[in-house]
Amino acid sequence: MKRIMTIIGACLVAAIGELVRELRCFKVTHYTVTSRKLSGLQRARKIIFLSDLHNYCYGKENEPLYLAIAREKPDLILVGGDMLLRKDESSYDHTVKFLSRLPAICPVYHANGNHEQKMKERPGKYKRSYRVYKSELEKAGIRFLENESVTVFWDNEKVRITGLEIPLRAYERRARNRIKAADIEKKAGRAGDAYEILLAHHPAHIKAYSDWGADLILSGHYHGGVVRIPGIGGVIAPDFTLFPEYSGGRYRLGETAAVVSRGLGVHSVPVRFLNPAEVVVVEIG
C-alpha cells in the first residue's frame, strides 16, 4: 500500500508540474495544406494563425511569442479572434502593444471572436472600449475583417480572406448545427472562384463553413478542449460540451481543409493539460 501511495503521489506531483509548465509555455505547430486551386504557385506560402490569446503574456511584452513568429518568416499573419478578454479588470494594453508590432513582419488581418464581438455589440456593458482597441491596431497597420473580405494575389493566383462574425447566439450550445451556408452568405457574401480562406472563430459550425465554399477554415475558441486525452482529443469545450468534435488540429471535409487552433491563452478556468498553447503555422502549396 505504501508503494502504491508513493506512485500515486509521484503521479500527482508530475501532473501538477505539467499543468504549471503548460501555462507558461507555448509551442509552434506546423501544418501543410495543398489545393488544386493553387497549382500555379511558384513557391509555397506560409501563414501564421493566432487565436485566443486572451490578454495572456509570455515573458516581458510577449517577446518570446513575437520572436517565434518572426523566425518563421511568414507571408501573412491571420488573427482569429479572442486576443483580448472582455472582463473589465483585464487590461488589453500589452496585447495591443504585441499585435501592433506584427505588421513589421508581414501583412496582418484580424477577425473577431466572441470576446471582441461582445465588446463591440454591447459597449455599455464594458468599461474597456472595442473601438479604441480596433483604432489602435488599425493605426499600426492591421486590417480588420468584420464580415468583410480582402483579395491578395500569390503568383497570379487569387486568394480571398474573409473574416466572419456569426450571431452571438450561435455560440450557445443549443445553436449547434443551426448555422447554414445561406446564413454565412447573408453575412459575408458569396464564395467565389478564388482560393477562399475563412476566419471563423467558432469551430462547431465547420460543416456550414465548408458548405459555404471555404477552401481553408481557420478557427479557435475551444482552447484545445482544455485537457486532451491522447488518441481521443479535447475533453470539454467552453460551452461545456464534452469531447467536442473539432477541439484542435487539422481536419478534412471533402475538398475543404480546416485547422483549429488550441489557442494561446486561458480564461475563467486557467487549466491546460497535455494541451500546450500554440502558434499555428500553415504552409499552403
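So, a few notes on the structure that sits alongside this text.

About the thresholds
Per-chain numbering applies: the sequence of each chain, read as written, is numbered from 1 onward. This being a predicted model, a pLDDT of at least 70 is required before a residue's local features are given, and a value of 80 or more before pairs of side-chain atoms are given or counted; all residues contribute to the totals for chains, interfaces and linings. Neither water nor hydrogens contribute to the side-chain values; these are computed over all heavy atoms in the structure. Counting from the N terminus, the helices are DSSP H or I runs at least four residues long and the strands are E runs at least two residues long. Each radius of gyration is computed over the set of C-alpha atoms, and the globule rule expresses the reference value as 2.2 Å times the number of residues to the power 0.38. Using a 1.4 Å probe on the protein chains alone, a residue whose accessible area is under 20% of its type maximum counts as buried, one over 50% counts as exposed, and one in between counts as partly exposed. Here a residue-residue contact requires only that any non-hydrogen atoms of the pair lie within 4.5 Å. Charge assignment: positive for Lys and Arg, negative for Asp and Glu; neither His nor the chain ends contribute. Each charge is placed at NZ for Lys, CZ for Arg, CG for Asp and CD for Glu. Residues are said to line a cavity or pocket when one of their atoms sits within 4 Å of a point; the points come from a 1 Å grid over protein atoms alone, cavities being sets where a 1.4 Å probe fits but cannot get out and pockets being open sets with protein on both sides within 12 Å along at least five of seven lines. Grid points are joined across faces, edges and corners, and a volume is the space filled by probe spheres set on the points. Polar here means any residue other than Ala, Val, Leu, Ile, Met, Phe, Trp, Tyr, Cys and Pro, which are nonpolar, and Asp, Glu, Lys and Arg, which are charged; Gly is therefore polar. The directions from the helix axis to the C-beta atoms are what the arc is built from. Paired strands are those between which DSSP finds at least two bridges. Only the contacting stretch of a helix is used when fitting its axis, a line to C-alpha atoms as for every element, and angles between N-to-C directions run 0 to 180 degrees. We define a salt bridge as a side-chain nitrogen of Lys or Arg found within 4 Å of a carboxyl oxygen belonging to Asp or Glu.

## Section: the overall build of the chain
Then comes step 1: Secondary structure summary: the chain contains seven helices and 14 strands in total.
Then comes step 2: On C-alpha atoms alone, the chain measures out to a radius of gyration of 19 Å, which is about the 19 Å that the 2.2 N^0.38 rule sets for 285 residues.
Then comes step 3: Along the longest, intermediate and shortest principal axes, the C-alpha atoms of the chain span 70 × 40 × 40 Å.
Then comes step 4: Taken over 285 residues, the chain has a buried fraction of 52%.
Then comes step 5: Expressed as a percentage of contacts within the chain between residues at least 6 apart in sequence, the contacts between residues at least 24 apart total 72%.
Then comes step 6: On the chain, the mean spot of the 44 positive side-chain charges and the mean spot of the 32 negative ones are 4 Å from each other.

## With respect to the layout of surface pockets
Then comes step 1: By volume, the largest pocket is sized at about 530 Å³.
Then comes step 2: Lining the largest pocket are 27 residues; nearest its centre among them are Ala237, Pro238, Asp239, Phe240 and His267.
Then comes step 3: In terms of residue class, the lining of the largest pocket is made up of eleven nonpolar, seven polar and nine charged.
Then comes step 4: What the second largest pocket holds in volume is close to 260 Å³.
Then comes step 5: Taken together, 17 residues make up the lining of the second largest pocket; nearest its centre are Arg176, Asn177, Ala204, His205 and Lys207.
Then comes step 6: Broken down by element, the lining of the second largest pocket gets its largest block of residues, four residues, from helix α7 (residues 206–212).
Then comes step 7: For the lining of the second largest pocket, a count of residues per class yields nine nonpolar, three polar and five charged.

## A few points about helix α3 (residues 93–101)
Then comes step 1: Listed as buried for α3 are Thr95, Val96, Phe98 and Leu99. All buried residues of α3 fall inside an arc of 165° around its axis, so they share one side.

## Quick word on the pairing of strand β6 (residues 148–154)
Then comes step 1: In this structure, β6 lies alongside strand β7 (residues 157–164), joined through seven bridges in antiparallel fashion. From the neighbouring strand, Val150 faces β7, where its bridge partner is Ile161.
Then comes step 2: Joining the antiparallel neighbours β6 and β7 is a turn of two residues, in which Asp155 adopts a positive phi near 50°.

## Quick look at the sheet that holds strand β3 (residues 76–79)
Then comes step 1: Judged by pairing direction, the sheet is mixed, and its six strands sit side by side in the order β1-β14-β2-β3-β4-β5 without closing on themselves. The sheet terminates laterally at β1 (26–33) and β5 (143–144), the two strands that pair on one side only.
Then comes step 2: Pairing geometry for β3 and strand β4 (residues 108–110), over three bridges, is parallel. If you follow Val79 over to β4, its bridge partner there is His110.
Then comes step 3: Across the sheet, helix α2 (residues 63–71) is in contact with β1, β2 (45–50), β3 and β14 (277–284); its angle to β1 comes to roughly 25°.

## Some points on the side chain of Arg228
Then comes step 1: Along the chain, Arg228 turns up in strand β10 (residues 228–229).
Then comes step 2: Despite its burial, Arg228 pairs with no opposite charge; the closest candidate is Glu278, at 7.8 Å N-O.

## Section: the sheet that holds β6
Then comes step 1: Spatial ordering of the open sheet is given by β6-β7-β8-β9-β13-β12, a layout of six strands whose pairing is mixed. Only two strands of the sheet have a single neighbouring strand rather than two, namely β6 and β12 (249–253). Between one strand and the next, the sheet's axes are offset by a mean angle of 20°, whatever the strand orientation.
Then comes step 2: In terms of strand pairing, β7 meets strand β8 (residues 195–200) through six bridges, oriented parallel. Across the sheet, residue Thr162 finds its bridge partner in β8, namely Leu198.

Functional significance is not addressed by these values, which are geometric in nature.
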